[in-house]
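# Close look at the chain arrangement
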Amino acid sequence: MSLEAPEPSTHTDVGVTETGLDYDVLESLLGELVIDRETHHNAEAFVVRPDRVADALSVLREEAGFDHCSCVTAQQYEDRYESIYHLKKYDDPTQEVGVVVPTSIHEPKSQSGSGVYRTADWHEREAYDLVGIEYDDHPDLRRILLPETWQGHPLSQNYDQERQQVVPLTEHANPLEEDHRGGTDTMFINIGPHHPATHGVLHLKTTLNGEQVADVESDIGYLHRCEEQICQQGTYRHQIMPYPDRWDYISAGLLNEWAYARAAEDLADIDVPEYAQIIRTMSAELCRIASHLLALGTFAIDVYGDFSAIFMYAFRDREVVQNILEDLTGQRMMFNYFRLGGVAWDLPEPREKFFEKTRDFLDELPTRLEEYHNLVSGNEVLQLRCVDTGILEPEVAKQYGCTGPVARGSGVDYDLRRDDPYGYYDRLDWDVVTEDGCDNYSRVLVRLREVEESAKIIDQCVNLLEEWPEDDRTIQSNVPRTLKPDPDTEIYRAVEGAKGELGIYIRSDGTDTPARFKIRSPCFSNLQALPEMAEGEYVPDLVAALGSLDIVLGEVDR
Amino acid sequence: MSIADTLGSALGLGSLGPLEDFLLSLVGAAFVGTFVLLNTAVAGPWAKRKITAAFTDRVAVNRVGPFGLLIIIADAVRMLSKELIIPDGADRPAFDLAPLVLVASALLGFAVVPMGNGIQLADPEVGLAFLFAVASIASIALVMAGYASNNKYSMLGGLRAVAQNVAYEIPLVVTAMSVVLFTGTLQTSQIVGAQAETLITIAGVSIPSWYAFVNPFAFVLFIVANMAEVGRNPFDVPEAPTEIVAGYQTEYSSVYFVLMYLGEFIHIFLGGAILATVFLGGPAGPVLPGFVWFTIKIWAFFLFTQWARSALPRVRIDQLIEIGWKGLLELSFVNLLLTAIIVGVIV
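Residues numbered from 1 in each chain as written. Chains lettered and ligands numbered in written order. Predicted model: local features only at pLDDT ≥ 70, side-chain atom pairs only at ≥ 80, totals over all residues. Heavy atoms only, no water.

### Describing the overall build of chain B
Counting secondary structure elements, chain B contains 14 helices and 2 strands. Relative to the 2.2 N^0.38 estimate, which gives 20 Å for 347 residues, the radius of gyration of chain B is 21 Å and therefore close to what a compact globule would have. Looking at chain B as a whole, 51% of its 347 residues qualify as buried. Chain B carries 16 positive and 22 negative side-chain charges, and their two centres are separated by 14 Å. (Helix = DSSP H or I, 4+ residues; strand = E, 2+ residues; numbered from the N terminus. Rg over C-alpha atoms; globule rule 2.2 N^0.38 Å. Buried < 20%, exposed > 50% of the residue type's maximum accessible area, 1.4 Å probe, protein only. Lys, Arg positive; Asp, Glu negative; His and termini not counted. Charge placed at Lys NZ, Arg CZ, Asp CG, Glu CD.)

### Section: empty space enclosed by the protein
Residues and elements named next belong to chain B. Applying the stated rule across the entire model yields 4 cavities of 30 Å³ or more. Volume-wise, the largest cavity comes out at about 210 Å³. In terms of lining residues, the largest cavity is bounded by 18 residues, among which Leu142, Glu229, Val230, Gly231 and Tyr248 are the most central. Split into classes, the residues belonging to the lining of the largest cavity amount to 9 nonpolar, 6 polar and 3 charged. (1 Å grid on protein atoms, 1.4 Å probe; cavity = no way out; pocket = protein on both sides within 12 Å on 5 of 7 lines; lining within 4 Å. Points joined across faces, edges and corners; volume = space filled by probe spheres on them. Nonpolar A, V, L, I, M, F, W, Y, C, P; charged D, E, K, R; others polar.)

### A closer look at unusual backbone geometry
Residue Glu349 of chain A is joined to Pro350 of chain A through a cis peptide bond whose omega torsion reads -5°. Position of Pro350 of chain A relative to the elements: it lies in the loop between strand 14 (342–343) and helix 9 (351–377). Located in the positive-phi region is Cys226 of chain A, a residue other than glycine, with phi close to 55°. Tracing the backbone shows Cys226 of chain A in the loop between strand 12 (212–219) and helix 5 (227–233). Positive phi, normally seen in glycine, also occurs at Phe67 of chain B, with a value near 55°. Along the chain, Phe67 of chain B turns up in the loop between helix 2 (18–55) and helix 3 (71–81). Owing to a relative accessible area of 60%, Phe67 of chain B belongs among the exposed residues under this scheme.

### Here's the deal with a nonpolar patch on the surface
Judged by side-chain polarity, Val334, Leu337, Leu338, Ile341, Ile342, Val345 and Ile346 of chain B come together as a nonpolar surface patch covering roughly 710 Å² of accessible area. Using a relative accessible area of 49% as the deciding quantity, one classes Ile341 of chain B as partly exposed. (Patch = residues over 30% accessible without salt bridge, like charges linked within 9 Å, V, L, I, M, F, W, Y side chains within 5 Å. Areas by Shrake-Rupley, 256 points an atom, 1.4 Å probe, with all protein chains shown as cover. Salt bridge = Lys/Arg side-chain N within 4 Å of Asp/Glu carboxyl O.)

### Some thoughts on the UniProt feature "domain: NADH:ubiquinone oxidoreductase 30kDa subunit" (unreviewed entry) in chain A
According to UniProt, the "domain: NADH:ubiquinone oxidoreductase 30kDa subunit" (unreviewed entry) feature falls on residues 47–164 of chain A. Secondary structure content for residues 47–164 of chain A is 18% helix and 29% strand, while the C-alpha to C-alpha distance between its ends is 37 Å. (UniProt positions renumbered as here; feature names shortened; annotations may be inferred.)

### Here we look at helix 4 (residues 92–109) of chain B
Over its 18 residues, helix 4 of chain B runs 27 Å from end to end, which matches the ideal 26 Å to within 8%, given 1.5 Å per residue. If you look at helix 4 of chain B, its biggest bend is around 35°, right at Ala98 of chain B, and the proline Pro99 of chain B turns up within four residues after that. (Expected span 1.5 Å × (residues − 1). Bend = angle between axes of the 7 residues up to and from the residue.)

### Description of a negative patch on the surface
A cluster of acidic residues, Glu349, Glu352, Glu470, Asp471 and Asp472 of chain A, forms a negative patch on the protein surface. Locating Asp471 of chain A in the fold gives a position in the loop between helix 14 (440–467) and strand 15 (489–496).

### Quick notes on the state of the cysteines
All names here are of chain A. A complete count under the given rule lists 0 disulfides over all chains for this structure. As a non-bridged cysteine, Cys226 has Cys231 as the owner of its nearest cysteine sulfur, 11 Å distant. Judged by its relative accessible area of 36%, Cys226 is partly exposed. There is no disulfide at Cys523, and the cysteine sulfur nearest it, in Cys402, is 11 Å away. A relative accessible area of 0% places Cys523 in the buried class. (Disulfide = S-S within 2.5 Å.)

### A word on the interface of chain B and chain A
Listed by partner, the interface residues are 27 residues for chain B and 37 residues for chain A. Summing the contributions of chain B and of chain A, the shared interface buries around 2800 Å²; its carbon and sulfur component is 62%. Counting every contact that joins chain B to chain A gives 3 salt bridges. A salt bridge links Arg316 of chain B to Asp541 of chain A, with the shortest nitrogen-to-oxygen separation between them at 2.5 Å. Between the two partners, chain B and chain A, sit 10 residue pairs in polar contact (both at pLDDT 80 or more). Residue assignment for the side of chain B that touches chain A shows that the elements contributing at least two residues are helix 2, helix 7 (152–183), helix 11 (241–244), helix 13 (290–311) and helix 14 (317–346) of chain B. Within the side of chain B that touches chain A, the residues separate by chemical class into 11 nonpolar, 6 polar and 10 charged. (Contact = heavy atoms within 4.5 Å. Buried area = accessible area lost by both parts, 1.4 Å probe. Polar contact = N/O pair within 3.5 Å; in protein donor to acceptor, adjacent residues only side chain to side chain.)

### Thoughts on the domain arrangement of chain A
Residues and elements named next belong to chain A. Once the domains are mapped, chain A shows domain 1 (16–136) and domain 2 (252–484). A C-alpha centroid distance of 31 Å is found between domain 1 and domain 2. Of the residues lining the interface, 14 residues belong to domain 1; the matching set on domain 2 comes to 15 residues. Both sides of the domain 1 and domain 2 interface together cover about 1200 Å² of buried area, and 51% of this is carbon and sulfur. By the criterion of area lost to domain 2, the three top residues of domain 1 are Tyr90, Pro93 and Arg118, representing 47% of everything that side buries. The salt bridge involving Asp67 is made with Lys398; its shortest N-O contact spans 3.9 Å. Considered class by class, the residues forming the side of domain 1 that touches domain 2 number 4 nonpolar, 4 polar and 6 charged. (Domains from an automatic or database assignment.)

### Describing the UniProt feature "transmembrane region" (unreviewed entry) in chain B
Residue and element names in this part refer to chain B. As recorded in UniProt, the sites labelled "transmembrane region" (unreviewed entry) are residues 22–47, 59–77, 97–116, 128–148, 198–225, 255–280, 287–308 and 328–346. Note that residues 198–225 is 50% helix and 32% strand, and that its end C-alpha atoms are spaced 28 Å apart. Structurally, residues 287–308 comprises 86% helix and 0% strand, and the distance from its first C-alpha atom to its last is 30 Å.

### Concerning the UniProt feature "domain: NADH-quinone oxidoreductase subunit D" (unreviewed entry) in chain A
Mapped onto this numbering, the UniProt entry annotates "domain: NADH-quinone oxidoreductase subunit D" (unreviewed entry) at residues 309–558 of chain A. Taken end to end, residues 309–558 of chain A is 50% helix and 11% strand, and its two terminal C-alpha atoms sit 32 Å from one another.

### Description of the sheet that holds strand 12 of chain A
Residue and element names in this part refer to chain A. Strand order in the open sheet made by the 3 strands is 10-11-12, with antiparallel pairing throughout. Since the sheet does not close on itself, it has two edges, and those belong to strand 10 (187–191) and strand 12, each with one partner. Adjacent strand axes in the sheet meet at a mean angle of 20° when their direction is disregarded. Note that strand 10 and strand 11 (residues 203–209) share 5 bridges and pair antiparallel. The partner of Asn190 across the bridge, within strand 11, is Lys205. (Pairing = 2+ DSSP bridges. Axes fitted to C-alpha atoms, helices over the stretch in contact; angles between N-to-C directions.)

Written out as structure tokens, the structure is:
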């Protein structure tokens, strides 16, 4: 599995004009590869033949500078299958383009894009697994979320839900047997799905050479809960919003809700009152702090051992955030607080008390952070362990579609809050944190420093909310009771979740439920880069690298 | 003076015959064993919970009995009533023997430790050598456990344990030898006796010539090597739960697990006992009886290991070996050489 040599692209501004992208220029760049054009809500999309996918993607990547394959969506229509590659630029994610690949309903075969974007590997496996499109030239086209023995493709239209998933004994032959009998120089070992360090049900098929990792392969899907399908059955207005809380269930709920809210609001053209945007911004950043603190605590367990004081300290501080969020939303983890067009209710009364509690937390935070810096980033033993281990080069990170603190720890300056502004972020004063170390240490440091930035944002939001005129506190705009976006509209929108770019693709068919609901999970893409970071390292550094990725299996498996 | 003599004089017996000596020694051994087990098996786990909780901002056990003390009984019942699961393909005699060897090796060490007030089971001339010799039998137990479990994590843990013990045993012994240069004897009672002299008197407070004060450099080296020897953070790689599950003890359950766990606890306390004997004047101390001081000192070392566990990251196995062979070993020999020169010139 060799990477394409990353060529410095000199044409990143092809078709870039002052008002945005000129898609005609891009179309002429692609030339005869384009057979049609579609207009999605977020960007134009070019339709290409299923046997020319790699060519089209490669032109867009090498010559037009689309270096970020954000997501691959697959779906089935009455008459065809379709894969959509959502491409962006790391420098400016508002420059987007889609590549739509229709394939025959009878023989859904399409060329793989994994040779151009490594991240397409897992995305295409998922498309194969759930929808049933086969990708030619794919290096490893196996099921990824469902068991190897699964019959049928659950998100395809002719899937028979009544069919019993009975598999003969021969199919249950130990899939690891060959590894046991394999070479004598290496040792095969299963790390997980039950292991103190895997942060959930992740299974790492690891080959060890002595104590060093020769090969590691992630086996995911143990926590697959059909989230996409559940959302496809729910109505836009009310029934979908509770579910995002359950993707990244570790205190990042509001950030996930915002991903859905943003996509659906843009799709159905719903305005959000400014007051509600501020509340959203504040509460989302509280969630980010809670999530980053937890990431720090669990990373400490991985490196320090399970009696580490840092874990409990992180929980102590996270508890305060949870209490504030509980006051605001009535819930501690499964918030269900955002609504399309705003939030569920206003700040709790008495408002002064809420502000005071939040301010107390913010005042206390610098002392706490100093303590963490003393214990973690200033600790020489930790530096010995984490500096220069688990290296993820920036070009490799981009190839794998890494985002969030993982990308920023590799010096990739990419943060959707700033680069693709939403909410109230563009009117507040804060900075995007990056570190150039590319190692485990940098990724942890980025999170610690991001907590400070989030605190800055919350502080400004609290000030704004406090001074907000009492007669202008609109928390929701007018949204029709039954929301039916125009038929055949498509949108891909992303927000900066705690772990990175959390994107939602929605296709509407004119009913009150989405025809296709696809979740682009940051953890899914970040986890795919684990072998790049871990191979050649010692087992403890594999564990530390996994901890520094900060994955949540609920979001990886969905 | 051995414990048999102490008991004999307490009972008003004159000189002891061989039979009396033997019987009284048995009584003494029972006493020493009970004392060690009281500390390690009864008080240890409860105290560990409380100490760790205090370090990590928690409360720990407080529901069962005052200060949660009755949790000791509840734990004992729970641990002993669990099902003993022995994996298929385990190498039976070795798998069964490993926990016993681990516990026995640590308990044996206490036989030559002077605990004050005449409590010392035996006082051979090679006491210190005996102490290190039996303590290092533990590594054999760990290899047995790791190899016999037929589990890859256990195997890795066992290999790590032996690599670590080999790397740190040498600096440990060499550093202790620098103390022997001062005392000129391996007999533990005489090592303790040599530390009773006054080193210096400051403002009326006389500071005893404990070797921790005489040679603080050796003291620090010894603590580091001792931490590695008992396998505590930052040197707890042989069991490193987040890496190799539980290392050599992954497959042990029920009573066997209790024994493994107990063995580790006794080893920590034995580490403290060696430290107290060689560097902290053994049972010496003002006001309180020697025996109490001895207990305080071994608990202080236990507390120290728990503190390190809460606050320090563990090093990687290759770094651990590197620190051992490239750092501690050299330093311990330098220390030995310098001490030899100083002792040769001054004394």
